[in-house]
Amino acid sequence: MRRHIQVLFWALVLILCTALPVQAAVKSYTVLPFAIHGPQEYRYLSEGIRSMLVSRLGWEDNFESTPADSTTATAKDITSQDAASALRQKIGTDYLVWGSATIMGEQASLDASMLGPETTTTKTRQTALDDLIPAMEEIANELSNEVFGKPEAEQTEPEQAQTQQSGPTNPNFVVNESSEGDYYLNPQFEYQGSPNTPGRWRSQSLNFEAIGMITGDADSDGTTEVFILTDHTVGAYRIKDRRLAPIAEYDVGHRIQCLNINLIDTNRDGYQEIVVSAKMDEFLRSFILNFKNDQLEVKEEKIDLYLNVLRTPPTFTKTLVGQKKGNGRLFDHNNVHQVTKMNGEYQLGSKLTVPDIGNIFNFCYLPQKDGYKIVAVDFRDNLRVYNESANFQSSTDGSYAATGLGLEKNEAMLGMDQQKDRGGYTAKFFYVPARLVPSDMDEDGNAELLVNRAVSVSAQFFQRYRNFPQGSLQALAWDGIGMNLVWKTRIIKGSVIDYGLEDVDGDGGQELYACVITHPGATGLQKKRSLMLSYDLDKNGNTPQAAQDSAN
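In what follows, the accompanying structure is described. (Residues numbered from 1 in each chain as written. Predicted model: local features only at pLDDT ≥ 70, side-chain atom pairs only at ≥ 80, totals over all residues. Heavy atoms only, no water.)

Taken together, 4 strands build an open sheet; the order of strands is β8-β9-β10-β11 and the sheet is antiparallel. Sheet topology places β8 (212-216) and β11 (243-251) at the edges, where each strand pairs with a single neighbour. On average, adjacent strands in this sheet sit at an angle of 25 degrees to one another, irrespective of strand direction. The sheet contact formed by β8 and strand β9 (residues 225-229) spans 5 bridges and is antiparallel. For Gly216, the partnering residue across the bridge sits in β9 and is Glu225. (Pairing = 2+ DSSP bridges. Helix = DSSP H or I, 4+ residues; strand = E, 2+ residues; numbered from the N terminus. Axes fitted to C-alpha atoms, helices over the stretch in contact; angles between N-to-C directions.)

Here it is, written out as structure tokens:
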């Protein structure tokens, strides 16, 4: 009897074991850089399309991409079906993907092929150039569904991130307008409602024209100060009773032209110094101030360098950077360095990777999960994107970071620098761009770029016209092919000349702040005034506390 029970027991175990599902092995795929047929300026799409397909084809526990360095081959190496089969076997991948994009004017033709163990699947699209990304996503989805058998309802993490728009939700938030996803940050980030909508604060108007603003706790007393830069002064303020209350002012004299302002703890003593880049005629006269006991004190002056503060790779911490004046030029071309203090003097240290158009004022590093991008503002106020080797990848059509602070170029050099503005005139001025602010607000590992977008019909045609009647603050993200809009504020009346992220009201939460100057009217003769705006950023989706504009 016992023997029969043992036989039945082991028979049951065998049946159960054979009935258990066996998890299929994860399949691999390799996407080659696409062949690009068209103008040289679109060559960056080769790697951009590859990166997009790699992310879109992924399916956790089912299909995963081979490492990027698994092959150096490109789509141009696939000359026949046999060549594709041989390369697939050489790489050791289950599926090989390759293709091409042909650019003609404003139209694009896409071809993508996937070779598997048994069959080859080919997809084609004819699309407008502006719709290139959605067309590639359609191809990726079709390949996933037809070849991999991936359910249409199941999305990869990148697809979910795009749908969710990288943040908490609010149905009234203006996000990437190609998506119906919701996003919550602040009800002021939309084109509806009153200027008195809760979540927005506006200071009184100040009777001068500012050219820059920075906020931070410079004296380490636990309270945020606001430092406002004009052509010749630095003013210290605190927000008190919902107004900007003046504390101290430092005047450099009417001969010195200030250019920008930053905060950084240069000597690691726990106090942030105020760094101002400035020039006097043909000489650089940058200076550094301390703010202690409610007083602005000179720490260093007559520094013969342009100065700025950037978050530099690989740690992306604040770094003091500098650049010398060029020989007969505004800038020593392509030479931006970290700045160190040696023997009592500020000197240039390690050189930074800078694109060919780069100077100390017009670029930043944009951290990404797989490294970083370099974003620079060109002389037409377009944003140009470069990879880590400073090779060009993409450019925006619209203008960003535009200001009216212009530095006249050396007349002797104009013949060597035939840049033309939108009106066809030789560009005689370099306009110092507004601040480029990288910030990973959604904490997904890919930083967004916070930047102003000025709106002016006249400025679209004449670059020398720099009075902007209105604008907005926008957050842009790199999507593998270009800079894509994530969110934007409501229209702001006046020129947005500086901005940043800081706990300006001391409530423990970060705010988006902006320095705005009023428009001088159609004649340009009205006096310009300055004011500060701040927006609550409630990333947890709670309703912002009510905030009303203070009196002008």
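So, on to a negative patch on the surface. Taken together, the side chains of Glu106, Asp130, Asp131 and Asp397 define an acidic patch exposed on the protein surface. Its place among the elements puts Asp130 in the loop between β6 (120-128) and α4 (132-148). The exposed category is assigned to Asp130, whose relative accessible area is 64%. (Patch = residues over 30% accessible without salt bridge, like charges linked within 9 Å, V, L, I, M, F, W, Y side chains within 5 Å. Areas by Shrake-Rupley, 256 points an atom, 1.4 Å probe, with all protein chains shown as cover. Salt bridge = Lys/Arg side-chain N within 4 Å of Asp/Glu carboxyl O. Lys, Arg positive; Asp, Glu negative; His and termini not counted. Charge placed at Lys NZ, Arg CZ, Asp CG, Glu CD. Buried < 20%, exposed > 50% of the residue type's maximum accessible area, 1.4 Å probe, protein only.)

This part takes up the packing of aromatic side chains. One pass over the full model with this rule turns up 13 aromatic pairs. Note on Trp59 and Phe63: the rings are 6.1 Å apart at their centroids and 20 degrees apart in plane angle, and the pair reads as stacked. Aromatic pair Tyr386 and Phe392: ring centres 5.9 Å apart, planes at 75 degrees, arrangement edge-to-face. Overall, Tyr386 belongs to the buried group, its relative accessible area being 5%. An aromatic cluster of at least three residues, connected via ring pairs, comprises Tyr306, Phe331, Phe361 and Phe430. One Lys or Arg, Arg453, reaches over the ring of Tyr400 and ends 4.8 Å from the middle of that ring. (Phe/Tyr/Trp six-rings, centres within 6.5 Å; stacked < 30°, edge-to-face > 60°. Lys NZ or Arg CZ within 6 Å of the ring centre and 35° of its normal.)

Among the nonpolar cores identified, the biggest contains 59 residues, and Phe227, Val234, Ile274, Phe287, Leu296 and Phe363 are the most heavily contacted of them. For Phe363, the contacting residues outside a window of four places in its chain are Leu310, Val336, Leu352, Thr353, Val354, Ile374, Val375, Ala376 and Leu436. Counting 36 residues, the second-largest nonpolar core is a separate cluster that includes Tyr400, Ala434, Leu449 and Ile492. (Core = buried A, V, L, I, M, F, W, Y, C linked by side-chain atoms within 4.5 Å. Contact = heavy atoms within 4.5 Å.)

Here we come to the packing of helix α2 (residues 45-57) against α4. Between α2 and α4, whose axes approach to 10 Å, the crossing angle comes to 40 degrees. It follows that α2 is oblique to α4 by the angle criterion. Of the two elements, α2 crosses α4, and the hand of that crossing is right-handed. Across from Leu45, Ile49, Met52, Leu53, Arg56 and Leu57 in α2, the residues of α4 making contact are Leu132, Ile133, Met136, Glu137, Ala140, Leu143, Ser144 and Phe148. Among the residues forming the contact of α2 with α4, the class breakdown is 11 nonpolar, 1 polar and 2 charged. (Parallel < 35°, antiparallel > 145°, perpendicular 65-115°, else oblique. Left-handed = near helix turned anticlockwise from the far one by under 90°. Nonpolar A, V, L, I, M, F, W, Y, C, P; charged D, E, K, R; others polar.)

Listed as buried for helix α3 (residues 81-91) are Ala84, Leu87, Arg88 and Ile91. End-on, the buried residues of α3 take up no more than an arc of 105 degrees, which puts them together on one face. Exposed residues pointing more than 90 degrees away from the buried face of α3 are listed as Asp82, Gln89 and Lys90. Next to the buried residues of α3 lie β1 (27-31), β4 (95-104) and β5 (107-115). Residue Gly92 follows α3 closely and has a positive phi angle near 85 degrees. (Arc of directions from axis to C-beta.)

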